[in-house]
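Okay, here's what each chain looks like letter by letter:
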Amino acid sequence: MRTRVEHAQVVVCGGGLAGVSAAVAAARLGLETVLIQDRPVLGGNSSSEVRVVPRGAANYHAYARETGIIGDLLERERLLNHEEIFENGFTNSVWDLTLYDLVERTPHLTLHLNTIVRDVVLEDDKRLSAVRTYTPSAETETQIHGEVFVDCTGDGVVAALAGAPWRMGTEGRAEFDEPHAPPEASDDVMGNSIHIKTKDVGRPVDFELPDWAVSYEDAAFFYRGGRRPSTLKGGYWWIEIGVPWHTIDDAETIRHELTRHALGVWDWIKNKDPYLKDRAATYALDWIGQVPGKRESRRIMGQHLLTEADLFRSEPFEDEIAYGGWNIDLHTPGGLLAETSEPTAAEGHVSTAPAAVAAYVGPFGVPLRSLVALEVPNLLMAGRNVSATHVALGSVRVQATTAIMGQAAGTAAGIAVRDHVPVHEVATRAIGTVQQQLLRDGAFLPSVVGHDPDDLARDARVRASSSALGHGAGPHTVGATGGLGNYSKPDDALHERRGQWIAVGIGADAPGLQQVSVCLSNPTDSERTIGAHLVAVDHIWDYRIDDLPSLATTQLVVRPGERTWVTWDVDLDLEALRAGESGDVRYLRLDLDADPEVTWHRAGTVVPGSVSAVRIGSGRMRRYLDAITLSHRVNPAQPAWPASEVLTGVTRPHRSTNVWRSDPAQPFDQWLELSWDDARTIGRVELTFAGSVLREYDRYPPGFRDPQCVRDYSIEIADGEGWRRVLTVTDNAARRRQHDLSGPVTSDRLRLVVHATNGDPAAAVAEIRCYAP
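Residues numbered from 1 in each chain as written. Predicted model: local features only at pLDDT ≥ 70, side-chain atom pairs only at ≥ 80, totals over all residues. Heavy atoms only, no water.

### Regarding the overall build of the protein
Working step 1: Within the protein one finds 14 helices and 38 strands.
Working step 2: For 773 residues, the compact-globule formula gives about 28 Å, and the C-alpha radius of gyration of the protein, at 27 Å, lands near that figure.
Working step 3: Overall, the protein is about 75 × 70 × 55 Å in size when its C-alpha atoms are taken along their principal axes.
Working step 4: Put simply, the protein has 773 residues, and 62% of those count as buried.
Working step 5: Sequence separation of 24 or more characterises 79% of the internal contacts of the protein that already satisfy a separation of 6 or more.
Working step 6: Looking at the protein as shown, the accessible area adds up to about 28,500 Å², and 47% of this sits on carbon and sulfur atoms.
Working step 7: Taken as two groups, the 76 positive and 105 negative side-chain charges of the protein have centres that lie 3 Å from each other. (Helix = DSSP H or I, 4+ residues; strand = E, 2+ residues; numbered from the N terminus. Rg over C-alpha atoms; globule rule 2.2 N^0.38 Å. Buried < 20%, exposed > 50% of the residue type's maximum accessible area, 1.4 Å probe, protein only. Contact = heavy atoms within 4.5 Å. Areas by Shrake-Rupley, 256 points an atom, 1.4 Å probe, with all protein chains shown as cover. Lys, Arg positive; Asp, Glu negative; His and termini not counted. Charge placed at Lys NZ, Arg CZ, Asp CG, Glu CD.)

If you want it as structure tokens, here you go:
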């Protein structure tokens, strides 16, 4: 047995999405970083060994997709991969390699695969000095020393070995007054899952269930228990087992039980299911997982314990470093051994059903203190082992959320070492530095805007060659919406109150808002009258109904007929639109009351930044369908995407559109210009383009390039009476690009010139940053 000793500044244990994000974030700050992973591939539950699709806030909220390191990775995977995403079980090795490639290309980062953390070395003050690891394939024990450690092991292995306090099980309702908690505390946790993948071989094939597997005979178990197979291609998240077994101690027993049950599920679908067996005749079982994906085990106690109340919190955390937006997704203890799988699934995923309404949360902020362990002075954590109650974990445990928590933990660890700030004091002494670094590195924080003092663009004036105007969109409007137009046509009748966000100009030259129109159908023989309301909203996730400031209210008369435009003369002046807001753009929401006899038609495209919501009860709304625009027009046309939106410090639609769009009627080239009173010396330019944040990752096809993303562009500086080109990029498909110029340039003006996009007739830029050499 060989023994080795290594030294690093930041040591990250666990190579799932949280761990990869943490390690890359720390290494990018120049810290010597080690990443330890106990499997042969990176990605944890998302890897090709387990095959859980990474999900997050965008599954429930428009423009809420996680960005930063995880956003870049998912965008890259969709560009490179030939596989469509159908459900859990799809993942191939392209995703593994995408992660591996990033880690190998990151300076200052050392990777140890197939390496298990077996013990820790503590100093007298309980500080972690080192972790002791074992690599079976190399018969090597390695002691890895570090200054700061990040536990991303999922099971909280490092924290447990170091003596940090942790919880496992379910809190009782009274302890934190959590409505989703059961009356009494218990040892129950959510279970583990394995998945299957099938292949249509084009001819009938048989499947014989082994005699040691579980045989299913009851259709009600699947169709009434929230276990409806969503596709024949594979899955399924509800192949889950936990209690009565312990998800750590009995992991191998659970794995075998899951195998027995997964084979039984496939036997049911292929040989017995009255709805699917004929369609499944040519499908063969192609893969079955043997590394269970784990939802819950130890939760490490931190400086703040996230509870259900925090998911509905109105005041932001001062130390916000991430956000969540998945619903409170608490699987029934026992999984396949229980009567139902999960409450909202058992209701049929009906958005207005009681469990779905109660579980709808976010987006909400996550504080850094929930990532800082108690009693071990130099330990942070990220992933499903963060400081949260069982109920709060139901939302923050999903992988896209854990990944952005990982980036935050790695950033905090790096800044703690670099700036000599104790880990337990980062949330108070260095939180501004952490937040601004996260924003610079592509993350999004709902309550924090970018104001990096080193960013030269903060002091610049900005203008553009042209800017698009917002007219709205109708049922037949065609546009580039990321290749994801309104592909389904369900019933758009007004069964519930529905709202449409409208971006309006409030700058010095804004025209006010005289008219709004909606496209409605009334199939009856008589006129219908519908209440209409224009309300002031704080942002695009402001789902409130009852306590929003009303700007105007009227009754719209809808005459009998199909696709009739009904116009409301609202005559709102600029002062009413500004209503204390700063900047050049703000959001209003146009709401129509419920009337099942009237249809409010969807638009044929998504107007960038303008989406819709529907009432779900309790005085609030939720995203309508899969983030679509409802048909509407505004008069006069609104300056919704001016050049000034690239300097808001936010890189997605939120409180305003936060993107410049050129006039789509004007040909390329289109340009965006920064200017200063005095010349600036610039060595680095960082760009964020539009796209890739509207919907969840699994909505995007193989080989995807967002049409809104700029493809070919140049950076130019003013040089005498003309312009000098200092950089040109072609065939770009990435939302974020950072460029170190070949040499420092000094000028009082800089231009980003867009030569072509990936399909959108308008150039679209969310942010431009400039830094000294």
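### Observations concerning the sheet that holds strand β14 (residues 283-288)
Working step 1: In space, the three strands of this open sheet follow the order β12-β11-β14, with antiparallel pairing throughout. The open sheet has two edge strands, β12 (234-235) and β14, and neither has a second partner.
Working step 2: Two strands pair when backbone bridges link them, and strand β11 (residues 196-200) and β12 are joined in this way by two bridges, in the antiparallel orientation. Residue K197 lies in a different strand from β12, and its bridge partner there is G234.
Working step 3: Set on the sheet, helix α7 (residues 251-272) makes contact with β11 and β14; between it and β14 the angle comes to about 165°. (Pairing = 2+ DSSP bridges. Axes fitted to C-alpha atoms, helices over the stretch in contact; angles between N-to-C directions.)

### What about the packing of aromatic side chains?
Working step 1: A complete count under the given rule lists 16 aromatic pairs for this structure.
Working step 2: Geometrically, the ring pair formed by F222 and W268 is stacked, given 5.2 Å between the ring centres and 10° between the ring planes. One end of the pair, F222, is in helix α6 (residues 219-223); the other, W268, is in helix α7, with 46 residues separating them in the sequence.
Working step 3: Taking relative accessible area as the criterion, F222 reaches 0% and is therefore assigned buried.
Working step 4: A centroid spacing of 5.0 Å and a plane angle of 65° characterise the contact between Y223 and Y275, whose relative ring orientation is edge-to-face. Here Y223, found in helix α6, pairs with Y275, found in the loop between α7 and β14; they are 52 residues apart in sequence, far enough to count as distant.
Working step 5: Under the relative-accessibility criterion, Y223 is labelled buried at 19%. (Phe/Tyr/Trp six-rings, centres within 6.5 Å; stacked < 30°, edge-to-face > 60°.)

### What to know about empty space enclosed by the protein
Working step 1: The full count for this structure, using the stated rule, is eight cavities of 30 Å³ or more.
Working step 2: L439, R440, T688, R736 and E767 are the residues nearest the centre of the second largest cavity, which is lined by 13 residues in total.
Working step 3: Within the residue set of the lining of the second largest cavity, elements represented by two or more residues are α13 (431-440), β34 (670-689), β37 (736-757) and β38 (764-771).
Working step 4: Looking at the lining of the second largest cavity, its residues break down into three nonpolar, four polar and six charged. (1 Å grid on protein atoms, 1.4 Å probe; cavity = no way out; pocket = protein on both sides within 12 Å on 5 of 7 lines; lining within 4 Å. Points joined across faces, edges and corners; volume = space filled by probe spheres on them. Nonpolar A, V, L, I, M, F, W, Y, C, P; charged D, E, K, R; others polar.)

### Quick word on the layout of surface pockets
Empty space left among the atoms is revealed by rolling a probe the size of a water molecule over them.
Working step 1: The calculated volume of the second largest pocket comes to roughly 990 Å³.
Working step 2: What lines the second largest pocket is a set of 32 residues, and nearest its centre among them are R28, D72, R105, R736 and Q738.
Working step 3: Those elements that place two or more of their residues in the lining of the second largest pocket are α2 (69-80), α3 (93-105), α13, β34 and β37.
Working step 4: Of all the elements, α2 adds the most residues to the lining of the second largest pocket, at seven residues.
Working step 5: Looking at the lining of the second largest pocket residue by residue, the classes come out as 12 nonpolar, five polar and 15 charged.

### So, the side chain of T524
Working step 1: Position of T524 among the secondary structure elements: in the loop between β24 (513-522) and β25 (528-536).
Working step 2: Side chain to side chain, T524 and N522 meet in a polar contact 2.6 Å long.
Working step 3: A polar contact of 3.0 Å, which involves the side chain of T524, links it to the backbone oxygen of S526.
Working step 4: Apart from residues lying up to four places away in sequence, T524 is in contact with P560 and E597. (Polar contact = N/O pair within 3.5 Å; in protein donor to acceptor, adjacent residues only side chain to side chain.)

### Here we look at the side chain of Q436
Working step 1: Structurally, the position occupied by Q436 is in helix α13.
Working step 2: When its relative accessible area of 10% is taken as the criterion, Q436 is described as buried.
Working step 3: For Q436, the side chain forms a polar contact with the main-chain nitrogen of H451, separated by 2.8 Å.

### Notes on the environment of G30
Working step 1: Note on placement: G30 falls in the loop between α1 (17-28) and β3 (33-36).
Working step 2: Each C-alpha atom, one on G30 and one on P560, is 67 Å from the other, the two residues being 530 residues apart in sequence.
Working step 3: When neighbours within four sequence positions are excluded, G30 is seen to be in contact with Q9 and H108.

### A short note on unusual backbone geometry
Working step 1: Between N635 and P636 the backbone carries a cis peptide bond, its omega angle lying at -5°.
Working step 2: Along the chain, the position of P636 falls in strand β32 (residues 632-638).
Working step 3: The step from F668 to D669 runs through a cis peptide bond, and the omega angle for that step is 15°.
Working step 4: Backbone geometry at H349 places phi at a positive 55°, although glycine is not the residue there.
Working step 5: Residue position: H349 is located in the loop between α8 (343-346) and α9 (354-359).
Working step 6: The exposure class of H349 is exposed, given its relative accessible area of 54%.
Working step 7: Here the phi dihedral of E375 falls at roughly 70°; this positive angle occurs in a residue that is not glycine.
Working step 8: Mapped onto the elements, E375 comes out in the loop between β18 (364-367) and β19 (379-381).
Working step 9: With a relative accessible area of 48%, E375 lands in the partly exposed category.

### Looking at the nonpolar core
Working step 1: Ranked by size, the top nonpolar core spans 119 residues in total, and within it L35, V150, I321, L368 and L380 carry the most contacts.
Working step 2: Ranked by the residues each element gives to this core, the list is headed by helix α11 (residues 399-418), at 10 residues.
Working step 3: Ignoring anything within four residues of it in the chain, the contact list for L380 reads V148, F149, V150, D151, L368, L371, V372, A409, A412, A413 and V423. (Core = buried A, V, L, I, M, F, W, Y, C linked by side-chain atoms within 4.5 Å.)

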